[in-house]
Amino acid sequence: MDALTLLRQGPVVPVIVVNDAAVAVDLARALVDGGIRVLEVTLRTKAALAAMRRMRDEVPGAIVGAGTLRNRAQLEAALDAGAQFGVSPGLTPELASAARNANLTLLPGVATASEAMRAQDEGFDILKLFPAEAVGGIKLLKSLAGPLPDLRFCPTGGIDLVKAKDYLALPNVLAVGGSWLTPEDAIANRDWARITELAKQASALAQ
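In what follows, the accompanying structure is described. Counting from 1, residues in each chain are numbered in the order their sequence is written. At least 70 in pLDDT is required for a residue's local features to be given in this predicted model, at least 80 for side-chain atom pairs to be given and counted, and no such filter applies to totals for whole chains, interfaces and linings, which use all residues. With hydrogens and water set aside, each side-chain value is computed from the structure's full complement of heavy atoms.

What follows deals with the overall build of the chain. Comment: elements are numbered from the N terminus, with helices defined as DSSP H or I runs of at least four residues and strands as E runs of at least two. Helix and strand content of the chain: eleven helices and nine strands. For this measure, only C-alpha atoms enter the radius of gyration; the expected value for a globule follows 2.2 Å times N^0.38, where N is the number of residues. On C-alpha atoms alone, the chain measures out to a radius of gyration of 16 Å, which is about the 17 Å that the 2.2 N^0.38 rule sets for 207 residues. Taking the principal axes of the C-alpha coordinates as reference, the chain spans close to 45 × 35 × 25 Å. The contact definition used throughout considers only heavy atoms, calling two residues in contact when any of these lie within 4.5 Å. Contacts in the chain between residues at least 24 apart in sequence constitute 59% of all its contacts with a sequence separation of at least 6. In short, Shrake-Rupley with a 1.4 Å probe defines the accessible areas, and a residue's cover is counted only from the protein chains shown. Summed over all atoms, the accessible surface of the chain reaches about 9200 Å², with 49% contributed by carbon and sulfur. Across the chain, 21 positive and 22 negative side-chain charges occur, with their mean positions spaced 1 Å apart. When charges are counted, Lys and Arg are positive and Asp and Glu negative, with His and the chain ends excluded. For this purpose, a charge sits on NZ of Lys, CZ of Arg, CG of Asp or CD of Glu.

Below, the structure written as structure tokens:
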């Protein structure tokens, strides 16, 4: 699945931190039940790879990817865990080469026009703007649209449900990433109904 098709699955890609793989299946089901199918599991915890594998194997309809990819070794480990796409906070030649060689759809992170141009030179025209709010957010995306009209973005970082609406109104934004769909306390309390409701609210942004 290419990046364009991936981000057309829904308006929001949840940025998921999983500390215990035992909750992975219920968490993924709660999101899918709310209409959110594309799930980014960040490689920030020891449980991340196991969580990805369980989501991929046990939750029909879920499209599971690895976030916070920083190097070839992490990308290969994510592939072994069943990752269907990858997301990175930035882009290096090594990571770009690894993604191409593995034929893995990658959303590379950029924060400036120069980084976006380098990513495009590496073959990527759908990018993650990160950290979106910190680097200029909507104002930056509007400014980039003129000189870089063929690039599209999935801004991530500091975005919530209210801000997401404004981002999604921009013609060069395909989707947004956000952690608000999977609050740490909701996961700890196994409050799957709350997460499903948050997913439904996010899904409704496409309307």
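Our focus in this paragraph is helix 8 (residues 137-145). Turning to helix 8, its buried residues number three or more, namely Gly137, Leu140, Leu141 and Leu144. Around the axis of helix 8, the buried residues are gathered within 100° of arc, so they sit on the same side. Helix 8 presents Lys139 and Lys142 as exposed residues on the side facing more than 90 degrees away from its buried surface. For helix 8, the secondary structure elements touched by its buried residues are helix 6 (113-121), strand 7 (126-129), helix 7 (132-135), strand 8 (152-153) and helix 9 (161-168). Only protein chains enter the accessibility calculation, which uses a 1.4 Å probe; a residue whose area is less than 20% of its type maximum is buried, one above 50% is exposed, and one in between is partly exposed. Our arc is simply the arc of the directions from the helix axis toward the C-beta atoms.

This part covers the pattern of salt bridges. A pairing counts as a salt bridge when a side-chain nitrogen of Lys or Arg comes within 4 Å of a carboxyl oxygen of Asp or Glu. A full pass over the atoms with the stated rule returns five salt bridges. Its salt-bridge partner being arginine 53, residue aspartate 57 comes within 3.2 Å of it at the nearest N-O pair. Taken together, the residues span about one helical turn, with aspartate 57 and arginine 53 both in helix 3 (residues 48-58) at a distance of four residues. On the accessibility criterion, arginine 53 (31% relative accessible area) is partly exposed. The partner of aspartate 185 in a salt bridge is arginine 194, with the nearest N and O atoms 3.1 Å apart. Residue classification places aspartate 185 among the partly exposed residues on the basis of a relative accessible area of 41%.

With that settled, the discussion passes to the side chain of threonine 42. Summarising the element assignment, threonine 42 is placed in strand 2 (residues 38-42). For threonine 42, a relative accessible area of 0% corresponds to the buried category. The contacts of threonine 42, once residues within four sequence positions are left out, are Val15, Ile16, Val17, Ala48, Gly67 and Thr68.

To continue, consider the environment of phenylalanine 124. Considering the arrangement of structural elements, one finds phenylalanine 124 in the loop between helix 6 and strand 7. When the C-alpha atoms of phenylalanine 124 and alanine 62 are compared, they prove to be 24 Å apart, with 62 residues separating the residues in sequence.

The next subject is the environment of proline 171. Summarising the element assignment, proline 171 is placed in the loop between helix 9 and strand 9 (176-178). Taking the C-alpha atoms as reference points, proline 171 and lysine 142, separated by 29 residues in sequence, lie 8.9 Å from one another.

Strand-to-strand pairing in sheets goes through backbone hydrogen bonds, with the strands running parallel or antiparallel. Pairing is parallel across the open sheet formed by three strands, whose spatial order is 6-7-8. Only two strands of the sheet have a single partner each, and these edge strands are strand 6 (109-110) and strand 8. The rule for pairing is simple: two strands pair if DSSP sees at least two bridges between them. As judged from the two bridges shared by strand 7 and strand 8, these two strands associate in the parallel manner. Of the residues in strand 8, the one forming a bridge with leucine 127 is phenylalanine 153.

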